[in-house]
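Below are the chains, spelled out letter by letter.
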Amino acid sequence: MYNSKIIGLGHYVPDNVVTNDDLSKVMDTNDAWIQERTGIKERRHVVKGDGDTTTTMGVKAAKIAIERAGIDKDDIDFIVFATLSPDYYFPGPGVLVQRDLGIKTVGALDVRNQCSGFVYAISIADQYIKTGMYKNVLVIGSELHSHGLDMTTRGRGVSVIFGDGAGAAVLSREEDNTKGILSTHLHSEGQHAEELSLIAPGMGKRWVNDIIADNDPNDESYFPYMNGQFVFKNAVVRFSEVIIEGLEKNKLKSTDINLLVPHQANLRISQFIQKKFQLSDDQVFNNIMKYGNTTAASIPIALTEAWEAGKVKSGDLVVLAAFGSGFTWGSVIIRW
Ligand code: UT7
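Cut-offs and rules
- Residues numbered from 1 in each chain as written.
- Predicted model: local features only at pLDDT ≥ 70, side-chain atom pairs only at ≥ 80, totals over all residues.
- Heavy atoms only, no water.
- UniProt positions renumbered as here; feature names shortened; annotations may be inferred.
- 1 Å grid on protein atoms, 1.4 Å probe; cavity = no way out; pocket = protein on both sides within 12 Å on 5 of 7 lines; lining within 4 Å.
- Points joined across faces, edges and corners; volume = space filled by probe spheres on them.
- Helix = DSSP H or I, 4+ residues; strand = E, 2+ residues; numbered from the N terminus.
- Nonpolar A, V, L, I, M, F, W, Y, C, P; charged D, E, K, R; others polar.
- Domains from an automatic or database assignment.
- Expected span 1.5 Å × (residues − 1).
- Buried < 20%, exposed > 50% of the residue type's maximum accessible area, 1.4 Å probe, protein only.
- Phe/Tyr/Trp six-rings, centres within 6.5 Å; stacked < 30°, edge-to-face > 60°.
- Lys NZ or Arg CZ within 6 Å of the ring centre and 35° of its normal.
- Pairing = 2+ DSSP bridges.
- Axes fitted to C-alpha atoms, helices over the stretch in contact; angles between N-to-C directions.
- Contact = heavy atoms within 4.5 Å.
- Near = heavy atom within 4 Å.
- Areas by Shrake-Rupley, 256 points an atom, 1.4 Å probe, with all protein chains shown as cover.
- Sits in = over half its atoms within 2 Å of the grid points.

- As recorded by an unreviewed UniProt entry, the protein carries the name beta-ketoacyl-[acyl-carrier-protein] synthase III and is attributed to marine sediment metagenome.
- The Pathway (unreviewed entry) field of the UniProt record for the protein holds the comment "Lipid metabolism; fatty acid biosynthesis."
- Quoted verbatim from the Sequence similarities (unreviewed entry) field of the UniProt record, the comment on the protein reads "Belongs to the thiolase-like superfamily. FabH family."

Written out as structure tokens, the structure reads:
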């Protein structure tokens with residue numbers, strides 16, 4: 001059995017900055033409310049027609065990660081792509097990355113775990129590398145939320161939170177099993193599936209034909225729905241549990257953490273976790289202020305920025321943790 005380690009990171013966000021004040025021009029919201037409740041100051045939105053999609057943003061992030069990994073694209077043995085906003089209903093973006101990067105006909109897997117998507121994707125890549133089946137795996141988290149949000153006052157509880165962007169990591173074989181990814185921990189609780197969801201278009205309740213036939217301007221089924229307070233309460237509990245689970249598995253304590261990179265759901269959630277584990281500001285990386293919640297892209301964007309800022313050093317204990325729609329949640333414990 002091998003370990004896996006992250007050998008390259010990259011991210012890409014669209015140039016278009018949308019501030020809280022910009023949003024207050026199209027819906028009844030304001031900078032004070034958004035900052036107070038979420039910590040978000042601005043986010044990026046893809047401008048329609050400029051060519052960026054979930055896949056193209058993922059490809060841009062992946063190119064940087066591959067270059068920094070110091071490998072050739074043809075050394076990639078497998079692709080894992082996490083998103084809730086794929087370019088097409090099918091096929092998923094994994095194969096589009098294989099095509100657009102001109103990688104040979106390796107396997108490409110799409111992960112549908114929303115905010116936990118990147119943690120799930122890392123866990124999958126780690127298992128393939130551990131068994132020796134693959135040596136280098138490209139993992140991407142990318143989201144284009146802005147085109148699918150309800151940008152009216154009706155949708156303000158959700159639409160002010162989410163932003164667009166992508167992050168990518170190259171995982172590679174590590175022969176020293178005290179280094180790299182030490183363990184991953186995944187959970188789900190489908191009982192709360194609809195509490196943070198986008199129901200249509202789907203074959204279960206409402207397909208496109210139904211939406212067109214009803215032609216109802218008040219139809220909200222194709223916008224994301226979130227029971228914010230319920231999600232918040234579950235998030236703080238599950239984040240804490242799954243971080244503790246990962247630390248205990250490796251006989252570590254919270255004081256051993258050099259850097260926690262939580263999924264950027266809400267600055268208040270990150271601050272709650274920071275306080276609970278008595279971590280300093282230097283030990284928790286947040287960038288939700290600049291990008292909002294980019295779901296599957298949030299951890300790889302944050303991890304890339306933390307690495308670029310010199311906050312991730314060889315030997316550091318780095319913890320990734322996520323919670324989101326499903327509900328799903330998970331953690332990754334890394335000795336960098
Ligand atoms: O990434 C996946 C995981 N996601 C999360 O973990 C998110 C968890 N939840 C949250 O972050 C918070 O629940 C939100 C930020 C989404 C909402 O904050 P909240 O403190 O729970 O607010 P609320 O939904 O209870 O709404 C409070 C008030 C309401 O008005 P009334 O009924 O008190 O008059 C809302 O209508 O704030 C109003 N409101 C807004 N006002 C201005 C809701 N959205 C907005 C808005 N601007 N954008």
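### A look at the layout of surface pockets
Moving on, step 1. By volume, the largest pocket is sized at about 1100 Å³.
Moving on, step 2. Taken together, 39 residues make up the lining of the largest pocket; nearest its centre are Leu84, Ser85, Pro86, Arg112 and Leu198.
Moving on, step 3. Among the elements of the structure, strand E5 (107-111) and strand E9 (196-197) are those that each provide at least two residues to the lining of the largest pocket.
Moving on, step 4. Residues of the lining of the largest pocket, tallied by class, amount to 22 nonpolar, 13 polar and four charged.
Moving on, step 5. Residues from two domains meet in the lining of the largest pocket; each of domain 1 (3-174) and domain 2 (180-196 + 224-335) gives at least three.
Moving on, step 6. Considered as a void within the structure, the second largest pocket measures approximately 710 Å³ in volume.
Moving on, step 7. Looking at the second largest pocket, it is lined by 33 residues, and the ones nearest its centre are Gly157, Ile161, Met226, Gly228 and Gln229.
Moving on, step 8. Counting residues per element, the ones that place at least two in the lining of the second largest pocket are helix H2 (31-38), helix H6 (156-159), strand E10 (225-226), helix H8 (228-249), helix H9 (267-276) and strand E12 (317-324).
Moving on, step 9. Looking at the lining of the second largest pocket element by element, the count peaks at five residues for H8.
Moving on, step 10. For the lining of the second largest pocket, the per-class residue count stands at 17 nonpolar, 10 polar and six charged.
Moving on, step 11. Taken domain by domain, the makeup of the lining of the second largest pocket includes at least three residues from each of domain 1 (3-174) and domain 2 (180-196 + 224-335).

### Some remarks on H8
Moving on, step 1. Between its terminal C-alpha atoms H8 stretches 31 Å, which fits the 32 Å expected from 22 residues at 1.5 Å a residue.
Moving on, step 2. Those residues of H8 that sit buried are Val231, Asn234, Ala235, Val236, Arg238, Phe239, Ser240, Val242, Ile243, Gly246 and Leu247.
Moving on, step 3. Following H8 by one or two positions, Lys251 has its phi on the positive side, about 55°.

### Section: the packing of aromatic side chains
Moving on, step 1. Across all of its chains, the model carries eight aromatic pairs by this definition.
Moving on, step 2. Between Tyr222 and Phe223, the ring centres sit 5.2 Å apart and the planes meet at 45°, which makes this aromatic pair tilted.
Moving on, step 3. For Phe223, a relative accessible area of 17% corresponds to the buried category.
Moving on, step 4. In this structure, Arg173 is placed above the aromatic ring of Tyr2, and the distance from its NZ or CZ to the ring centre is 4.1 Å.

### Observations concerning the sheet that holds E5
Strand pairing in a sheet relies on backbone hydrogen bonds, with the paired strands running either antiparallel or parallel.
Moving on, step 1. Strand order in the open sheet formed by five strands is E1-E7-E6-E4-E5, with mixed pairing between adjacent strands. Single-partner strands in this sheet number two, and they are strand E1 (3-12) and E5. Strand after strand, the sheet turns through a mean of 20° between neighbouring axes, direction not considered.
Moving on, step 2. Its contacts with the sheet place helix H4 (residues 93-100) against strand E4 (78-82), E5 and strand E6 (136-143), and it is angled at close to 130° to E4.
Moving on, step 3. Each of E1, E6 and strand E7 (165-174) is contacted by helix H11 (residues 298-308), which is oriented at about 95° to E1, the strand it contacts most.

### Here we look at the site of the ligand
Moving on, step 1. If you check the shell around the ligand, you find 22 residues, and the closest are Thr29, Arg37, Gln229, Asn266 and Asn293.
Moving on, step 2. Relative to its free-state accessible area of 960 Å², the ligand is covered by the protein chains to the extent of 72%.
Moving on, step 3. More than half of the atoms belonging to the ligand lie within 2 Å of the grid points that define the second largest pocket.
Moving on, step 4. Counting only elements with at least two residues in the shell around the ligand, the list comes to H2, H6, H8 and E12.
Moving on, step 5. When residues in the shell around the ligand are grouped by element, the largest group, four residues, is from H8.
Moving on, step 6. Residues of the shell around the ligand, tallied by class, amount to 11 nonpolar, nine polar and two charged.
Moving on, step 7. Split by domain, the residues of the shell around the ligand number at least three in each of domain 1 (3-174) and domain 2 (180-196 + 224-335).

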